[in-house]
Amino acid sequence: MIAREAVISGQVSMAKLARVVDLLADSSGHAWVELAFAKDDEQRWLISGNVSAECAVFCQRCLKAMPLQIEQEFHLALVSSDGVDLPEPLEPCLLRNDSINLHALVEDEMLLALPMISMHPEHCNTHQPQAVETTENRDTRRPFADLADMLNRR
Ligand SMILES: [Zn+2]
């Protein structure tokens with residue numbers, strides 16, 4: 001694929017990306033993957049591409065599922081050992097037994113794109129309406145209670 005400078009793209013079932021699905025609230029759907037294989041002037045083997053997916057994670061505050069858009073671009077150089085110096089923006093991708101598992105590569109990139117802690121921005125919607133409701137109830141009940149007291153006194 002490197003020699004042919006192949007470009008492949010397509011969708012991968014989320015269920016097949018086991019290490020990613022473990023961290024999601026929903027295992028349905030697909031990830032869109034595009035991979036381009038090439039060799040650079042330094043004879044480095046390169047895989048660049050991107051992965052995107054619309055998935056759902058658990059909010060760490062209210063524990064409800066929330067949507068999360070994953071969008072990750074990467075530029076990898078295949079290396080046979082750790083500690084190889086690479087110019088920007090290349091990141092090392094370790095070859096194991098002279099082969100590479102593309103599923104594992106996509107999983108790794110998606111894991112990098114997941115936030116450490118997922119939370120609804122600003123407010124958790126599930127909590128907000130409840131809070132509004134209780135304050136409304138308090139405000140509306142008190143005047144009527146006062147009115148009833150006044151009527152009773154007369
Ligand atoms: Zn939340």
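About the cut-offs
- Residues numbered from 1 in each chain as written.
- Predicted model: local features only at pLDDT ≥ 70, side-chain atom pairs only at ≥ 80, totals over all residues.
- Heavy atoms only, no water.
- Donors = N, O, S within 2.8 Å, 3.2 Å for Na, K, Ca; no water.
- Tetrahedral: all angles 85-135°; square planar, octahedral: opposite > 155°, others 65-115°.
- Helix = DSSP H or I, 4+ residues; strand = E, 2+ residues; numbered from the N terminus.
- Buried < 20%, exposed > 50% of the residue type's maximum accessible area, 1.4 Å probe, protein only.
- Expected span 1.5 Å × (residues − 1).
- Contact = heavy atoms within 4.5 Å.
- Polar contact = N/O pair within 3.5 Å; in protein donor to acceptor, adjacent residues only side chain to side chain.
- Patch = residues over 30% accessible without salt bridge, like charges linked within 9 Å, V, L, I, M, F, W, Y side chains within 5 Å.
- Areas by Shrake-Rupley, 256 points an atom, 1.4 Å probe, with all protein chains shown as cover.
- Salt bridge = Lys/Arg side-chain N within 4 Å of Asp/Glu carboxyl O.

Draft legend 1. Quick look at the coordination of the zinc ion. At the metal site, the zinc ion is ligated by Cys-59 (SG), Cys-62 (SG), His-120 (ND1) and Cys-124 (SG), and these contacts range over 2.0 to 2.4 Å. Geometry at the zinc ion is tetrahedral, judged from its 4 donor atoms and the angles of 106 to 116° they form at the metal. Positions of the donor residues of the zinc ion along the chain correspond to the pattern C-x2-C-x57-H-x3-C. With Cys-62 in the loop between β3 (45-58) and β4 (65-79) and His-120 in the loop between α2 (102-113) and α3 (128-153), this pair connects stretches of sequence that are 58 residues apart. With respect to class, Cys-62 is no different from His-120; both count as buried.

Draft legend 2. Examining unusual backbone geometry more closely. Geometrically, the link from Glu-88 to Pro-89 is a cis peptide bond, its omega value of 0° lying close to zero. For Pro-89, the position within the fold is in the loop between β4 and β5 (91-94). Although it is not a glycine, Leu-63 sits at a positive phi angle of roughly 65°. Mapped onto the elements of the fold, Leu-63 is located in the loop between β3 and β4. Here Glu-122, not a glycine, exhibits a phi torsion of approximately 65°, which is positive. Mapped onto the elements, Glu-122 comes out in the loop between α2 and α3. On the accessibility criterion, Glu-122 (71% relative accessible area) is exposed.

Draft legend 3. Spotlight on α2. When the terminal C-alpha atoms of α2 are compared, their 17 Å separation across 12 residues agrees well with the 16 Å that a helix rising 1.5 Å per residue should span. Listed as buried for α2 are Leu-105, Val-106, Glu-107, Glu-109 and Met-110. In this structure, the buried residues of α2 make contact with α1 (18-21), β2 (30-39), β3, β4 and β5. Here α2 starts with a cap whose side-chain oxygen sits 2.9 Å from the backbone nitrogen of His-103, and that cap is Asn-101.

Draft legend 4. Examining a nonpolar patch on the surface more closely. On the surface, a cluster of nonpolar side chains totalling about 390 Å² of accessible area is made up of Met-116, Ile-117 and Met-119. Relative to the assigned elements, Ile-117 resides in the loop between α2 and α3.

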